[in-house]
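Single-letter residue listing:
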Amino acid sequence: MQKIVIKNHGPVKDCKLAIKDFIICTGPQASGKSTVAKSIFFFKNLKNILYSQVRKKILLADSVEEENVELKTWLKFVREIRANFLQIFGTTWHMDKKMNLEYWYSKDIYIQISLKEGADYPNYIWVTFSQELEKRLDELDRIIVSNENTAEEKLDKVRERIATCFEDEREVVYIPAGRSMITLLSNQLNYIYSSMDDAQKRNLDYCTQNYLERILQMKATFSFSIKEQIANKIHMTDEKVNISLFNEAANLMHDILQGEYVNREGEERLQLENGKYVRINFASSGQQEVVWILNVLFYYLLNNKKIYFIIEEPESHLFPNAQKLIAEFIALVQKGGKSQVFITTHSPYILGTFNNLLYAHRISKYVDKKRLSEIIPENKWLDFEKVAALFIEHGNIYSCLDEEFESIQNEVIDGASEDINNDFDRMAELKEIFWPEEESYEYTV
């Protein structure tokens, strides 16, 4: 199992985390949830950066001498890692000199990021590869310089070798918080982004840039309705298609959005029941926040892609019932698509819903499964062994799972409610001291 170690990075002082299939992370604002999420994204996205780098080398291989030091993949990769780290986390000047990040892809494959003090480069980003990873990176160079294969064949080999190199076949997809602004500017996004030069794009937070490019690429897909996309999938593939899974996902999307997103006639719309529609930039803030969570997850589910999803605050601007539904939708996609999920949340409704999905799996051994599935469908149940629930506070990360009851601890879910109730009880006690008998009033009409 993969794992990450984070020390003295931003607000996070000490974090050791096994990368399970389903991770829920909660805690106060500015406690480090996004730092953990971005750190996982950074390491998981490195294989994509490596592939882009090697792809360029292969396409330019004819004009590069084998002895050229630039041909050493790991040397160029180190520079790319440093540049990407700065794009995600910003300058290192303010960072703790004892900052240390480690990501273990397997027992022999890891990458470590630390800061090294130098006369000319204070807080210089220092990258360390495990010996086994260095060895595998060197093997990529032999593919690049080989004269036995075409460029296309080399690219296929490289793609396969990199997946093996990191022992991870999943693409990583980051869905940041603050999504409504991107949706609000939907009609202007193509123009704004295309008019930016490379330097301006690099100044964007990398996670947001990655998300923005992803949805710009996907928009054309949603010129078709969800039903049309499902029908196209059925007719265009020889694979066995789980139609009931797709239909259930589509129904949840409709219930959450109270309509259906379509991109038609150069305009993004929320199609309503009565045949009318509202332009997406005039939809509610909750609909704008959630629409591209739904679209992105459905796209990869429909296309049978195994993904590591990182989703920040899926509950943003949503009514509690819709928060319940988005939690169920995420669980459905994770389990049905055999993907993995990391979620940050402040919502007791999200946590409570996941607790129900854990409970359903737990009691399934003892009750009538058919009747249980009528309450919560089996394709949403969460296996406790594959779930981690984390609470971050004061720089440290703790598990908030109750091992005995195989659930998220109630104190975490109801913490705020408990504080509110305690305040009310204290006020009630104060009232009893100073106002033991309420005055009665007579009203006349």
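Per chain, residue numbering runs from 1 following the sequence as it is written. Only residues with pLDDT of at least 70 get local features here, since the model is predicted, and only at 80 or more are side-chain atom pairs given and counted; chain-wide, interface and lining totals rely on the full set of residues. As a rule here, side-chain values cover all heavy atoms of the structure and leave hydrogens and water aside.

Considering the packing of aromatic side chains
- Any two rings among Phe, Tyr and Trp, with Trp reduced to its six-membered ring, count as a pair given centres within 6.5 Å; such a pair is stacked if its planes are under 30 degrees apart, edge-to-face if over 60, and tilted if neither. All chains considered together, the criterion is met by 17 aromatic pairs.
- Judged by centre distance (5.3 Å) and plane angle (65 degrees), the ring pair of Y261 and W292 falls under edge-to-face. Placement of the pair is Y261 in strand β8 (residues 260-264) and W292 in helix α12 (residues 285-302), with a sequence separation of 31 residues.
- Under the relative-accessibility criterion, Y261 is labelled buried at 2%. Counting from the N terminus, the helices are the DSSP runs of H or I reaching at least four residues and the strands are the DSSP runs of E reaching at least two. For every residue, the accessible area obtained with a 1.4 Å probe (protein chains only) is divided by the maximum for its type, and the residue is called buried under 20%, exposed over 50%, and partly exposed between those limits.

Observations regarding the confidence of the model for the chain
- On average, residues of the chain carry a pLDDT of 87, and 88% of them reach 70 or more.
- Under a pLDDT of 50 for its full length, residues 64-69 has, in the predicted model, five contacts with residues more than four places off or in other chains. Confidence of the predictor in every single residue is expressed as pLDDT, which spans 0 to 100. Whether two residues touch is decided by their heavy atoms; if any such pair falls within 4.5 Å, the residues are in contact.

Re the nonpolar core
- Grouped together as the largest cluster of nonpolar side chains are 66 residues, with contacts concentrated most on F22, F309, I326, F329 and F354.
- Broken down by element, the residue count for this core peaks at 11 residues, all from α12.
- Sequence-distant contacts of F329, defined by excluding residues within four places in its chain, comprise A249, L252, M253, I256, L294, L297 and F298.
- What makes a nonpolar core is a set of buried Ala, Val, Leu, Ile, Met, Phe, Trp, Tyr and Cys residues whose side-chain atoms join them at distances within 4.5 Å. Counting 59 residues, the second-largest nonpolar core is a separate cluster that includes I49, F85, A388 and I397.

Let's talk about the pattern of salt bridges
- We count a salt bridge whenever a side-chain nitrogen from Lys or Arg sits within 4 Å of a carboxyl oxygen from Asp or Glu. Per the stated rule, a full pass over the model turns up 19 salt bridges.
- Across the pair K38 and D205 runs a salt bridge whose closest N-O atoms are separated by 3.7 Å. Taken together, the residues K38 in helix α1 (residues 33-44) and D205 in the loop between α8 (198-202) and α9 (206-218) connect sequence positions 167 residues apart.
- For K324, the salt bridge is made with E328, and the minimal N-O distance between the two is 2.8 Å. Here K324 pairs with E328, and both are found in helix α13 (residues 320-336), just four residues apart, close to one helical turn.
- According to the relative accessible area criterion, E328 is buried, its value standing at 7%.

Examining the side chain of S130
- Topologically, S130 is positioned in the loop between β6 (124-129) and α4 (131-145).
- For S130, a relative accessible area of 3% translates into the label buried.
- A polar contact is formed between the side chain of S130 and the backbone oxygen of D108, at a distance of 2.8 Å.
- What S130 contacts, discounting residues up to four positions off in sequence, is D108, I109 and Y110. Any N or O atom pair separated by 3.5 Å or less is treated as a polar contact, with the protein-specific requirement of one donor-capable and one acceptor-capable atom, and with residues adjacent in sequence counted only for side-chain atom pairs.

Points about helix α10 (residues 226-235)
- Of all the positions in α10, only I226, Q229, I230 and K233 are classed as buried. For α10, the angular spread of the buried residues around the axis is 100 degrees, confining them to a single face. Turned more than 90 degrees from where α10 packs its buried face, K227 and H235 sit exposed. What the arc measures is the spread of directions leading from the helix axis to the C-beta atoms.

Structural notes on a negative patch on the surface
- Patch membership requires more than 30% relative accessible area and the absence of a salt bridge. Residues of like charge join within 9 Å; the nonpolar side chains Val, Leu, Ile, Met, Phe, Trp and Tyr join within 5 Å. The Shrake-Rupley method, run with a 1.4 Å probe sphere, supplies the accessible areas, and residue values consider only the shown protein chains as cover. Residues scored as positive are Lys and Arg, those scored as negative are Asp and Glu, and His as well as the terminal groups of each chain are ignored. Where a charge sits is defined by one atom per residue type, namely NZ (Lys), CZ (Arg), CG (Asp) or CD (Glu). A cluster of like negative charges, contributed by E411, D414, E418, D419 and D423, occupies part of the molecular surface.
- Examining the composition of the negative patch, we find that three residues originate from one element, helix α17 (residues 415-434), more than from any other.
- The exposure class of E418 is partly exposed, given its relative accessible area of 44%.

Quick look at the layout of surface pockets
- Method remark: on a 1 Å grid restricted to protein atoms, a set of points is classed as a cavity if a 1.4 Å probe fits but cannot get out and as a pocket if it is open with protein on both sides within 12 Å along at least five of seven lines; lining residues have an atom within 4 Å of a point. Grid points are joined across faces, edges and corners, and a volume is the space filled by probe spheres set on the points. Considered as a void within the structure, the largest pocket measures approximately 1100 Å³ in volume.
- Forming the walls of the largest pocket are 32 residues, and the residues nearest its centre are N48, I49, Y51, S52 and Y206.
- Looking at the lining of the largest pocket, the elements that each hand over two or more residues are α2 (46-59), α3 (73-89), α5 (151-166), α8 and α9.
- The element best represented in the lining of the largest pocket is α2, accounting for eight residues.
- Here the term charged refers only to Asp, Glu, Lys and Arg, the term nonpolar to Ala, Val, Leu, Ile, Met, Phe, Trp, Tyr, Cys and Pro, and the term polar to all other amino acids, Gly among them. Among the residues forming the lining of the largest pocket, the class breakdown is seven nonpolar, eight polar and 17 charged.

With respect to a nonpolar patch on the surface
- Taken together, the side chains of L430, I433 and F434 define a hydrophobic patch exposed on the protein surface, amounting to about 380 Å² of accessible area.
- As for its placement among the helices and strands, L430 is situated in helix α17.

Overview of the environment of N48
- Within the element layout of this structure, N48 appears in helix α2.
- The class for N48 is partly exposed, based on a relative accessible area of 29%.
- Residues N48 and E171, spaced 123 residues apart in sequence, show a C-alpha to C-alpha distance of 8.1 Å.
- When neighbours within four sequence positions are excluded, N48 is seen to be in contact with E171 and V172.

Things to note about the sheet that holds strand β9 (residues 267-271)
- For two strands to be treated as a pair, DSSP must find at least two bridges joining them. The three strands lie next to each other as β8-β9-β10, forming an open sheet whose pairing is antiparallel. The open sheet is flanked by β8 and β10 (277-279), the only strands paired with a single partner. Averaged over all pairs of adjacent strands, the angle between strand axes in this sheet comes to 35 degrees, irrespective of strand direction.
- With three bridges connecting them, β9 and β10 associate as antiparallel partners. Looking across to β10, one finds that L270 is bridged to V278. Where helices are involved, their axes are fitted lines through C-alpha atoms of the stretch in contact, as for all axes, and angles between N-to-C directions lie from 0 to 180°.

Looking at the environment of A360
- Here A360 lies in helix α14 (residues 348-363).
- Residues A360 and P377 lie 17 residues apart in sequence; the distance between their C-alpha atoms is 9.1 Å.
- Those residues in contact with A360 that lie beyond four places of it in its chain are L372, I376 and W381.

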